[in-house]
Amino acid sequence: MNTEKVEGKFDQVAGKIKQGVGEAVGNQKLANAGAAEQVKGAAKETWGKAKDTAEVVREDNRSRASAEGEDVKYRAENRAENKAHNVREKVTATAQNIKNKVSEKLDHIKSEHRR
(Lines give C-alpha, C1' and ligand atoms only; values in the text may rest on other atoms or scores of the structure.)
Protein backbone atom coordinates (compact mmCIF):
# COMPACT_ATOMS: atom_id res chain seq x y z
CA MET A 1 0.00 0.00 0.00
CA ASN A 2 1.53 3.33 -1.02
CA THR A 3 1.41 6.60 0.91
CA GLU A 4 -1.28 8.17 -1.28
CA LYS A 5 -3.70 5.37 -0.50
CA VAL A 6 -3.00 5.56 3.24
CA GLU A 7 -3.20 9.35 3.32
CA GLY A 8 -6.37 9.23 1.24
CA LYS A 9 -8.06 6.85 3.67
CA PHE A 10 -6.96 9.01 6.60
CA ASP A 11 -8.28 12.17 4.94
CA GLN A 12 -11.61 10.50 4.29
CA VAL A 13 -11.97 9.42 7.93
CA ALA A 14 -10.88 12.83 9.21
CA GLY A 15 -13.30 14.52 6.81
CA LYS A 16 -16.16 12.32 7.92
CA ILE A 17 -15.45 13.23 11.54
CA LYS A 18 -15.26 16.95 10.72
CA GLN A 19 -18.48 16.79 8.77
CA GLY A 20 -20.24 14.95 11.60
CA VAL A 21 -19.02 17.36 14.24
CA GLY A 22 -19.92 20.35 12.07
CA GLU A 23 -23.41 19.03 11.50
CA ALA A 24 -23.84 18.13 15.17
CA VAL A 25 -22.94 21.63 16.38
CA GLY A 26 -24.56 23.48 13.48
CA ASN A 27 -21.26 24.69 12.02
CA GLN A 28 -21.81 24.55 8.25
CA LYS A 29 -18.30 25.74 7.47
CA LEU A 30 -16.80 22.82 9.43
CA ALA A 31 -19.26 20.36 7.89
CA ASN A 32 -18.39 21.63 4.39
CA ALA A 33 -14.68 21.42 5.15
CA GLY A 34 -15.20 17.84 6.24
CA ALA A 35 -17.01 16.98 3.03
CA ALA A 36 -14.23 18.61 1.00
CA GLU A 37 -11.62 16.65 2.94
CA GLN A 38 -13.47 13.43 2.15
CA VAL A 39 -13.39 14.27 -1.56
CA LYS A 40 -9.69 15.08 -1.33
CA GLY A 41 -9.09 11.78 0.43
CA ALA A 42 -11.04 9.82 -2.15
CA ALA A 43 -9.04 11.45 -4.93
CA LYS A 44 -5.77 10.74 -3.13
CA GLU A 45 -6.69 7.11 -2.52
CA THR A 46 -7.76 6.68 -6.14
CA TRP A 47 -4.51 8.25 -7.34
CA GLY A 48 -2.60 5.77 -5.18
CA LYS A 49 -4.54 2.89 -6.70
CA ALA A 50 -3.85 4.25 -10.19
CA LYS A 51 -0.13 4.41 -9.42
CA ASP A 52 -0.18 0.83 -8.14
CA THR A 53 -2.01 -0.32 -11.25
CA ALA A 54 0.38 1.52 -13.55
CA GLU A 55 3.31 -0.08 -11.74
CA VAL A 56 1.82 -3.57 -12.17
CA VAL A 57 1.21 -2.95 -15.87
CA ARG A 58 4.70 -1.53 -16.30
CA GLU A 59 6.35 -4.47 -14.54
CA ASP A 60 4.28 -6.98 -16.49
CA ASN A 61 5.14 -5.34 -19.78
CA ARG A 62 8.81 -5.13 -18.88
CA SER A 63 8.87 -8.82 -18.04
CA ARG A 64 7.25 -9.70 -21.33
CA ALA A 65 9.49 -7.35 -23.27
CA SER A 66 12.74 -8.69 -21.89
CA ALA A 67 11.65 -12.18 -22.90
CA GLU A 68 10.70 -11.10 -26.41
CA GLY A 69 13.63 -8.82 -27.30
CA GLU A 70 14.54 -5.16 -27.47
CA ASP A 71 12.08 -4.18 -30.20
CA VAL A 72 9.17 -5.71 -28.36
CA LYS A 73 10.39 -4.14 -25.13
CA TYR A 74 10.25 -0.68 -26.66
CA ARG A 75 6.69 -1.22 -27.88
CA ALA A 76 5.57 -2.67 -24.54
CA GLU A 77 6.96 0.30 -22.63
CA ASN A 78 5.07 2.62 -24.93
CA ARG A 79 1.88 0.61 -24.34
CA ALA A 80 2.48 0.69 -20.59
CA GLU A 81 3.04 4.43 -20.72
CA ASN A 82 -0.11 4.89 -22.79
CA LYS A 83 -2.11 2.72 -20.39
CA ALA A 84 -0.70 4.62 -17.42
CA HIS A 85 -1.56 7.90 -19.14
CA ASN A 86 -5.10 6.71 -19.79
CA VAL A 87 -5.51 5.64 -16.17
CA ARG A 88 -4.25 9.04 -15.00
CA GLU A 89 -6.66 10.81 -17.34
CA LYS A 90 -9.60 8.76 -16.07
CA VAL A 91 -8.64 9.35 -12.44
CA THR A 92 -8.27 13.09 -12.84
CA ALA A 93 -11.50 13.35 -14.83
CA THR A 94 -13.36 11.38 -12.18
CA ALA A 95 -11.92 13.52 -9.39
CA GLN A 96 -12.95 16.65 -11.28
CA ASN A 97 -16.47 15.29 -11.79
CA ILE A 98 -16.76 14.41 -8.11
CA LYS A 99 -15.45 17.82 -7.13
CA ASN A 100 -17.98 19.51 -9.39
CA LYS A 101 -20.88 17.45 -8.04
CA VAL A 102 -19.90 18.11 -4.43
CA SER A 103 -19.43 21.81 -5.15
CA GLU A 104 -22.88 21.99 -6.75
CA LYS A 105 -24.43 20.27 -3.76
CA LEU A 106 -22.57 22.51 -1.30
CA ASP A 107 -23.63 25.62 -3.22
CA HIS A 108 -27.22 24.39 -3.15
CA ILE A 109 -27.03 23.80 0.60
CA LYS A 110 -25.53 27.26 1.15
CA SER A 111 -28.23 28.92 -0.92
CA GLU A 112 -30.95 27.15 1.08
CA HIS A 113 -29.47 28.38 4.35
CA ARG A 114 -28.99 31.97 3.24
CA ARG A 115 -32.68 32.58 2.70
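Only a predicted model underlies this, so the values are computations on that prediction, with no experimental measurement involved.

**A few points about the pattern of salt bridges**
Next, step 1: Considering all chains together, one arrives at ten salt bridges under this definition.
Next, step 2: Between Glu45 and Lys9 there is a salt bridge; the shortest N-O distance is 2.9 Å. Here Glu45, found in helix 2 (residues 28-68), pairs with Lys9, found in helix 1 (residues 3-25); they are 36 residues apart in sequence, far enough to count as distant.
Next, step 3: Measuring nitrogen to oxygen at the nearest pair gives 3.0 Å for the salt bridge that ties Arg58 to Glu59.
Next, step 4: The class of Glu59 is partly exposed, set by a relative accessible area of 36%.
Next, step 5: Taken together, the shared-partner salt bridges in this structure form one network comprising Glu7, Asp11, Lys40 and Lys44.

**Let's talk about the side chain of Glu37**
Next, step 1: Mapped onto the elements of the fold, Glu37 is located in helix 2.
Next, step 2: Residue class for Glu37 comes out buried when judged on its relative accessible area of 15%.
Next, step 3: Among the polar contacts made by the side chain of Glu37, one reaches the side chain of Lys18 at a distance of 2.8 Å.

The rules behind these values
- Residues numbered from 1 in each chain as written.
- Predicted model: local features only at pLDDT ≥ 70, side-chain atom pairs only at ≥ 80, totals over all residues.
- Heavy atoms only, no water.
- Salt bridge = Lys/Arg side-chain N within 4 Å of Asp/Glu carboxyl O.
- Helix = DSSP H or I, 4+ residues; strand = E, 2+ residues; numbered from the N terminus.
- Buried < 20%, exposed > 50% of the residue type's maximum accessible area, 1.4 Å probe, protein only.
- Polar contact = N/O pair within 3.5 Å; in protein donor to acceptor, adjacent residues only side chain to side chain.

Function-wise, these values are silent; they only describe arrangement.
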